[in-house]
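# A look at the structure
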Amino acid sequence: MKIIGLDIYGYGKITETKFDTNKHFVQLFGENEAGKSTMQSFIHSILFGFPTRKEQEPRREPRMHNLYGGKITVEFPDEPGAVEIERIKGKVQGDVKVYFEDGTVRGEEWLIKKLNFIDKRTYRSIFSFDVLGLQDIHKNMTEDKLQEYLLRAGALGSHEYDEMLSAIDAELGTIYKKNGSKPELNKEIAEMSELNDKIRALEQVEERYDTLTKERVKSEEALNFTKDGLNQLESIRKQKMKEVVYHKDIKEWKNLESQVNIEPINFPEKGIERYEKMKHQLQQAEQDIALRTEKLKALEAELAAINKPEGETITHLEGILKKEPEIKQKRMEHKRLASEIASNEEAIGLLMRDIGWSEEHHEVDDSNIVKDSVQSLLSKLDEVALEEQFLVREFDQVKSDVSHYDKELAQLEAEQISETRIRKKQELVDKEFELKEKEKMFSLIEKDYEREKRKRNRSSRMQQMLIIGVGIIALLVGIFYLAGSEWVIGSASAVAGALILLLLTLNREKPDESLKEDYQKEVAELQEAIETINRNHDMEFELSTARELKMDLKELKAKRISTHVRLEELKETLSNKEALHDSLNTDLSKMKADLKIDMDMENKSMPDAIHTIRGIKQKRNQINRYQVEMDNLTRELQEFKSSVKEDLMHYGIHYDDASVFHDVKNAVSGMYKDEADYTRLNEQITLLQNENKVLQDSVKEAQHEINSLLDQVLAEDEETYYYYARKDDEHRRNVRRYNELDEKLGEEHFDYDARNALADILMSELREEEEDIAEQIEALNDKVHVEQKTLAELNSEIAMMESDGKLSELHHLYEMKKSYIQNISRDYMSLNYIRILIEAHIRKIKDERLPVVIEEARTIFQKITNGRYINIIYDDDGVKVKHDNGQLFHPLELSQSTKEMLYISLRLSLIKALKGYYRLPLIIDDAFVHFDKERKKIIMDYLRNEVQDQVLYFTCNLDNSIPASQTIKLKEKVK
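Residues numbered from 1 in each chain as written. Predicted model: local features only at pLDDT ≥ 70, side-chain atom pairs only at ≥ 80, totals over all residues. Heavy atoms only, no water.

Looking at an unreviewed UniProt entry, one finds the chain named AAA family ATPase and attributed to Salinicoccus siamensis.

### Observations regarding the sheet that holds strand S11 (residues 888–889)
What counts is decided by this rule: Note: two strands are recorded as paired if DSSP finds a minimum of 2 bridges between them. For helices the rule is a DSSP run of H or I covering at least 4 residues; for strands it is a run of E covering at least 2, with both sets numbered from the N terminus onward.
Taken together, 3 strands build an open sheet; the order of strands is S9-S10-S11 and the sheet is antiparallel. Sheet topology places strand S9 (869–875) and S11 at the edges, where each strand pairs with a single neighbour. Summarising the sheet, strand S10 (residues 878–883) and S11 pair through 2 bridges and their orientation is antiparallel. The residue of S11 that forms the bridge with Val 881 is Phe 889.

### Examining the packing of aromatic side chains
Counted only if it meets this: Each aromatic pair joins two rings of Phe, Tyr and Trp (for Trp, the six-membered one) with centres within 6.5 Å, and gets the label stacked for planes under 30 degrees apart, edge-to-face for over 60, and tilted for any other angle. Here's how the labels work: a residue is buried when its accessible area is under 20% of the maximum for its type, exposed when over 50%, partly exposed in between, all with a 1.4 Å probe on protein chains only.
According to the stated counting rule, one finds 12 aromatic pairs in the structure shown. With a centroid separation of 5.0 Å and an interplanar angle of 85°, the aromatic rings of Phe 100 and Trp 110 are classed as edge-to-face. Here Trp 110 lies in helix H2 (residues 108–114) and Phe 100 lies in the loop between strand S6 (95–99) and strand S7 (105–106), a separation of 10 residues in the sequence. Of the two residues examined, Phe 100 and Trp 110, each falls in the buried class. Seen in terms of ring centroids, Tyr 123 and Phe 127 are 5.6 Å apart; in terms of plane orientation they differ by 20°. Their pairing is stacked.

### Let's talk about the packing of helix H24 (residues 896–913) against helix H25 (residues 933–945)
For clarity, the cut-off: The axes used here are C-alpha line fits, helices contributing only the stretch in contact, and every angle between their N-to-C directions lies in the interval 0 to 180 degrees. For classification, angles of less than 35 degrees are called roughly parallel, those exceeding 145 degrees roughly antiparallel, those between 65 and 115 degrees roughly perpendicular, and all remaining angles oblique. Only heavy atoms enter the contact rule, under which two residues are in contact if any of them lie within 4.5 Å. Asp, Glu, Lys and Arg are counted as charged, while Ala, Val, Leu, Ile, Met, Phe, Trp, Tyr, Cys and Pro are counted as nonpolar; the rest, among them Gly, fall into the polar class.
In contact at an axis separation of 12 Å, H24 and H25 are set at 5° when each is read in the N-to-C sense. One way to sum up the angle between H24 and H25 is to call them roughly parallel. Along its contact with H24, which presents Ser 897, Thr 898, Met 901, Ile 904 and Leu 908, the element H25 presents Arg 935, Ile 939, Tyr 942 and Leu 943. When the residues that make up the contact of H24 with H25 are grouped by side-chain class, the tally is 6 nonpolar, 2 polar and 1 charged.

### Here's the deal with the UniProt feature "coiled-coil region" (unreviewed entry) in the chain
The cut-off we apply is this: UniProt positions are given in the numbering used here, feature names are shortened, and annotations may be inferred rather than shown by experiment.
In the numbering used here, UniProt assigns the "coiled-coil region" (unreviewed entry) feature to residues 185–222, 275–302, 395–455, 516–587, 616–643, 678–719 and 759–797. Along residues 275–302 the backbone is 100% helical and 0% strand, and the end-to-end C-alpha distance reaches 42 Å. Overall, residues 616–643 shows 100% helix and 0% strand. The separation of its end C-alpha atoms is 42 Å.

### Things to note about a positive patch on the surface
Quick note on the threshold: Note that patches include only residues with greater than 30% relative accessible area and no salt bridge, and the join distances are 9 Å for like charges and 5 Å for nonpolar side chains (Val, Leu, Ile, Met, Phe, Trp, Tyr). The Shrake-Rupley method, run with a 1.4 Å probe, gives the accessible areas here. Residue values count only the displayed protein chains as cover. Salt bridge, as used here: a side-chain nitrogen of Lys or Arg that lies within 4 Å of a carboxyl oxygen of Asp or Glu. Here the positive residues are Lys and Arg and the negative ones are Asp and Glu; neither His nor the chain ends is included. The atom standing in for a charge is NZ when the residue is Lys, CZ when it is Arg, CG when it is Asp and CD when it is Glu.
A cluster of basic side chains, namely Arg 454, Lys 455, Arg 458 and Arg 461, defines a positive patch on the protein surface. By the secondary structure assignment, Arg 461 is in helix H14 (residues 419–483).

### Re H24
We count it as follows: Multiplying one less than the number of residues by 1.5 Å gives the expected span of a helix.
Its 18 residues give H24 an end-to-end C-alpha distance of 26 Å, which sits within 8% of 26 Å, the value for a rise of 1.5 Å per residue. The buried fraction of H24 is high, at 15 of 18 residues.

This is the structure:
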């Protein structure tokens, strides 16, 4: 199938747009949001239906347009001519119609069958791929995952089988696992095992329960036997009661039996009705005969008064009347031709006035060659005018751009920041950074200094305390010895203690704060330098802004220069177009002179003027033909008048053109009326004569039927006949009542012997038998009460043992669990069977299709890699590729673009293998963005020259190596 054209009525942002894609390879170029994805979705929607809610895909209904949908024109190899597939808004997936060149229209069923029942998802999986599909190869795939992905591309073409297997495996895992505990079936089996253990434990203590159960069964059997006897007596009593109820009917049946056995009178069936009917019929027939005889005399008198016309006269006048439509048609045609001639003369005058002719010029050349020349000149003139308008608009736009760039340059130059300020800003930024770093460093050093100072002061205080302690002890010892009159030791100790305290006081030092002061000084100097720069210079700007302004100024100057060059080129092109415009106008003026039309006529009206000249000539020829026809009609009308005028005078009719046919028609109508009246009266007379004959026969038949009825019952007169009728009616009532009673008693199962026996029995005897049966029933009821009491006692004791109900409850739960597990097992086996079928189908596809696909993919892969890889090998370990140096590589060892080329080779090979089933166009959406220039050229050349199916290549990077005839720029098409 080849798509030769797209006609988008309204789809997404694209409305009322047509695309010509009648090429083997078509490049559709457009930047982001130009409509590439919309066009791909449009193709899918027209072929397979608009997206539904389940597909989770936007429907792309236009917001500012009424129509939704469009038309695709395609070519099928087995269909003559182009086929148009149109789908518009209707049902959920749209209403589709397929139009053929011969006018045939088909529906969606034909399209689905023609596409071999492929759906949208399968089409996208096989015939459509993009950069996202290729990127799946690089998403941290393991070796097995990559092998599976490549094999699916070469054998299956879609993920559907894998998704089905994954879903089935997940469902099987939720039902049962071999060593699992969480799946539903594993839980149910464990619970069932626990129930079985509990049931066995309870059954061991149920021996007494079994004994009581057996006794209860025996008691129930005895009770049932007694109840059966009771039921039999109840049935006998009901039968006896029924005999009492129907005893009267049986007596009546017996009496009627003797009466209906008497031989009945042989009275005719419906004898009275038939006798009275014949009697009435006889009287009515005699009256009808008298009335018809009187009417027959009146009709014969009326018939004698009518004069019947001759047949030849009517035939001749009818021959004249048959010419009426022809003569009237000729008169109307004569009148119409006169009107047409006048109308055409008037039209010729108007047409000559329209083109400025004062007289007809039949010598003027109005051939198609002249007309084509004029149209060619006008087309060129329109084309040149449009190009001039476009160039003028382009010139004004470019001129406006130059002016705009000049304004922007002036504005940017005014906004520029001087190099001195930029250097000072950089110096300020450096100093601020240095200040922050030094403040941060000073803060860290200050913390360490304070921590060291606290540690040093703590150690110094401990030393001072120790020295003070020693000095005080020496003083106390000296005082102690001085008090004991040991002056030498006391004085030495006292002096030593005093010296220690004095030395401690003299050696106390202030802490060194010079380092802290140096850091504070440096910070203060930096702050002063920063304040000086801010005070002396305007620093209210960003360095990045200043650099961006410089870059913008440079870029704008380059744009201004290129735009000015473009302006000069447009000026030169516009001058050439204006010269060509003047030349075309000169040629058109010469054509006007040749046609002898008004030179002031607009150029675009010249084809209409040629058409008008043709119209004048055609109308003049038509007038000449009309005049010849009028002359012939005048001669024919005169001949008719001469031929019929004499004949009509012979019949007393005056000839007048306006009323001749009306007069003839009146004369013929009168003759027909006389003839019809004569025939009608003659038929009525014959009919009355026949009716009289029939009525007389009816009188004879009625009299014969009456005599036959009287003879059948041997009655001499009417009174005797009615007597026999009453006797017959009485016998019939007795038989009817006898049959009713016989049927009623038969329904109650009273046979003949039972009826005779009951008829001989008195009612009192039946009452006595009923009372005896009632006494027997009462005795059996007492026995039933005793046995029921015994059974209730046994049930009570059994109920005490079953009071907790555990055993029966466990049995019930066990059976429920067993049934539930069987149902789950059936579901599990069904799913497993489906899984086996899918896997067998996948293996069959791989075994049959994959070798063919791999062989074809080897040729494609070798070609698009320029012979660097010479083979693709498929075995039990998966897919490998062979380098031209003989080394084998796993797909994971290949580069990113080589893996993508391997994937593309498998996909193209699969498409080629499926050629016998599907011949559909390929849709590629920027799938080669990771390829370098050389590899992209190779793959593009392969798609253009080697792939037999049509290729639609959507891209946002224009490939200039593809001819313009095979390129569609969406920006120029989609507004």
